[in-house]
2 protein chains.
Amino acid sequence: MQDLKAILFDTFGTVVDWRGSLITELSEFGSARGLSVDWTAFVDDWRDAYKPSMDRVRRRDVPWTILDALHRESLEMLVAKYGVTGLTEADLDHLTRGWHRLHGWPDSVAGLTRLKRKFIVAPLSNGNVALLVNMAKFAGLPWDMVFGSEIPRAYKPDPEVYLGACSMLGLAPEQVMMAAAHNYDLSAARALGMRTGFIARPTEYGPKQTKDLRAESDWDVISNSIEELAEQLGCEI
Amino acid sequence: MQDLKAILFDTFGTVVDWRGSLITELSEFGSARGLSVDWTAFVDDWRDAYKPSMDRVRRRDVPWTILDALHRESLEMLVAKYGVTGLTEADLDHLTRGWHRLHGWPDSVAGLTRLKRKFIVAPLSNGNVALLVNMAKFAGLPWDMVFGSEIPRAYKPDPEVYLGACSMLGLAPEQVMMAAAHNYDLSAARALGMRTGFIARPTEYGPKQTKDLRAESDWDVISNSIEELAEQLGCEI
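Since this is a predicted model, take the numbers as computed values, not measurements. (Residues numbered from 1 in each chain as written. Chains lettered and ligands numbered in written order. Predicted model: local features only at pLDDT ≥ 70, side-chain atom pairs only at ≥ 80, totals over all residues. Heavy atoms only, no water.)

1. Considerations on the pairing of strand β3 (residues 176-180) of chain B
One face of the sheet, then the other: side chains in a regular strand alternate in exactly this way. Residue and element names in this part refer to chain B. The following threshold applies: Here's how the labels work: a residue is buried when its accessible area is under 20% of the maximum for its type, exposed when over 50%, partly exposed in between, all with a 1.4 Å probe on protein chains only. By the criteria applied, helices consist of DSSP H or I runs no shorter than four residues and strands consist of E runs no shorter than two, each listed in order from the N terminus. Paired strands are those between which DSSP finds at least two bridges.
Of all the five residues making up β3, five are buried; the element is thus mostly covered by neighbouring parts of the structure. Side-chain alternation along β3 places Val176, Met178 and Ala180 on one buried face and Met177 and Ala179 on a second face that is also buried. Alignment of strand β1 (residues 6-9) against β3, held across four bridges, turns out to be parallel. Along β3, the bridge assignment pairs Ile7 with Met177. Both β3 and strand β4 (residues 195-199) contribute to a ladder of four bridges, which runs parallel. Bridge pairing links Met178 to Thr196 in β4.

Structure, rendered in structure tokens:
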């Protein structure tokens, strides 16, 4: 990996704690409005809607749609399901943009800052550009570039997402590492010749998480945090 | 401009001193190789080749081509014209990538750092993503996002370049300012509803510069540096 030049990060779960951030935000919103809702279940349902909604786009059952719009559609479904009433258009927009206001894991900013001195660091995410740029401002993520999904107009794990980013960086896949807390994402990247870095996030889905608890292959680097990834790649503090 | 959220920057000439940087780099390269060439004229010719080469792409006389490749083509022409001999493939690649190693004007990093606290800051440049990302690493430019030309696969002043960036940021054109040292760039942005910020760079083309010496319209902000732009937009030091 002596020729490694760039590290591309999955974001939801790998860099930011979407679940904890959204449960806190929605609970505060609900309290302020006097709404009695199980917000933890609500957030878990919201995330569960993500893959099916994205797969409809990947199968081209629906035209290209950015993640903000998919989040909004599933939010409207859940508002009905949980019987949340009295929300205005502005409320729905604000809640959808909760995905722009996610906090990094405690090691994220420090780890990325270390890696950035030696490598190009960028998200390679299914989030849209505005979501990722706003998230970076909110959470202080020091990206060199932001690869949002509407640049290739495709969602991971479709190959053009990974290869398009390598190409735009003017790098061969073997000069680029995919870093993720999800084994499927690293499998897709490895199949295309990229390097792979696993970052364990065993509480991403809460205390009852059952998948991605550990590396399921011999990824090039296996770590428990972005700081540990930086350490293993020889980046000084 | 109370709703201004993002500032997009032209880069060559506006943020970085391409001419001074390349003259220095090529002169050092020439000295080390014992080449006797008028490198100032060489660099001015190289930049003069930029617009015609890009216009061929804009007119679709040739397929989509990134700026790195256009720079390489014109470099090969100039190497022949100036009778430079003995260059290897690696030399030509290194010289082409001289455009990735341009220094900011003295106010650029400080000005962008100030603006970044309040606004999204990004290049909106005819450079390709790799060129702009590498330039940012080299010159320390603290971009939030990098809008390279292969994202829209179009070159300024084509409207889709400006509108595509606003759309990816999830912003209306009036929430976004184009900042440039070139009046034509601001004219194109204003015609699409964007805000405009002029930054005078009267020595971009050297001591004999004749164009873009001053603002040629009542741009929303007219300044002499990126720091002055930040000052006028109320960004604290």
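2. Looking at the packing of helix α1 (residues 18-33) of chain A against helix α2 (residues 39-48) of chain A
Packed helix pairs are characterised by how far apart their axes lie and by the angle those axes make with each other. Residue and element names in this part refer to chain A. The condition that has to hold: In this description, a line fitted to the C-alpha atoms serves as the axis of each element, helices being fitted only across the stretch in contact, and the angle between N-to-C directions of two axes falls anywhere from 0 to 180 degrees. For classification purposes, an angle smaller than 35 degrees is called roughly parallel, one larger than 145 roughly antiparallel, one from 65 to 115 roughly perpendicular, and anything else oblique. The sense of a crossing depends on the near helix, which, turned anticlockwise from the far helix by less than a right angle, makes the crossing left-handed and, turned clockwise, makes it right-handed. Working rule for contacts: check all heavy atoms of both residues, and any pair within 4.5 Å makes them a contact. For this classification, the nonpolar set comprises Ala, Val, Leu, Ile, Met, Phe, Trp, Tyr, Cys and Pro, the charged set comprises Asp, Glu, Lys and Arg, and every other residue, Gly included, is treated as polar.
At their nearest, the axes of α1 and α2 sit 9 Å apart, and the two run at 130° to each other. Judged by the angle between their axes, α1 and α2 are oblique. In the crossing of α1 with α2, the sense of the turn from one axis to the other is right-handed. Counted together, Trp18, Arg19, Leu22, Ile23, Leu26, Ser27 and Gly30 of α1 and Trp39, Thr40, Phe42, Val43, Asp44, Trp46 and Arg47 of α2 form the full contact between these two elements. Of the residues belonging to the contact of α1 with α2, the class tally is eight nonpolar, three polar and three charged.

3. Topic: the sheet that holds β1(B)
Residue and element names in this part refer to chain B. Strand order in the open sheet formed by five strands is β2-β1-β3-β4-β5, and the pairing between neighbours is parallel. Where the open sheet ends on each side, the last strands, each with one partner, are β2 (120-123) and β5 (221-223). On average, each strand axis in the sheet is inclined to that of its neighbour by 20°, with strand direction left out of account.

4. Considerations on the confidence of the model for chain A
As a reminder of what qualifies: Residue-level confidence of the predictor is what pLDDT reports, using numbers from 0 through 100.
Across chain A, the average pLDDT comes to 97, with 100% of residues at 70 or higher. Here the complex is predicted with pTM 0.97, and the ipTM for its interfaces comes to 0.96.

5. Points about the interface of chain B and chain A
Note the following rule: What counts as buried area is the accessible surface, traced by a 1.4 Å probe, that two parts surrender upon association, with contributions from both included. Salt bridge, as applied in this entry: a Lys or Arg side-chain nitrogen positioned within 4 Å of an Asp or Glu carboxyl oxygen. The term polar contact refers here to a pair of N or O atoms within 3.5 Å; inside protein, the definition further demands a hydrogen-donor-capable atom paired with an acceptor-capable atom, and it admits residues adjacent in sequence only when both atoms are side-chain atoms.
The interface is formed by 18 residues belonging to chain B together with 18 residues belonging to chain A. Considering only the surface of chain B that becomes buried against chain A, Lys137(B), Met145(B) and Met168(B) emerge as the three largest contributors, covering 35% of it. At the boundary of chain B with chain A, the tally comes to two salt bridges. Note that Asp144(A) and Lys137(B) form a salt bridge whose closest N and O atoms lie 2.7 Å from each other. If you look at where chain B meets chain A, you find eight residue pairs in polar contact (both at pLDDT 80 or more). Per-element accounting of the side of chain B that touches chain A gives the leading share, five residues, to helix α7 (residues 129-139) of chain B. A class-by-class count of the residues in the side of chain B that touches chain A yields eleven nonpolar, two polar and five charged.

6. Re helix α8 (residues 159-168) of chain A
Looking at α8(A), one finds that the buried residues are Val161(A), Tyr162(A), Ala165(A), Cys166(A) and Met168(A). The inward-facing, buried residues of α8(A) abut β1 (6-9), β3 (176-180) and α9 (183-191) of chain A together with α7 of chain B.

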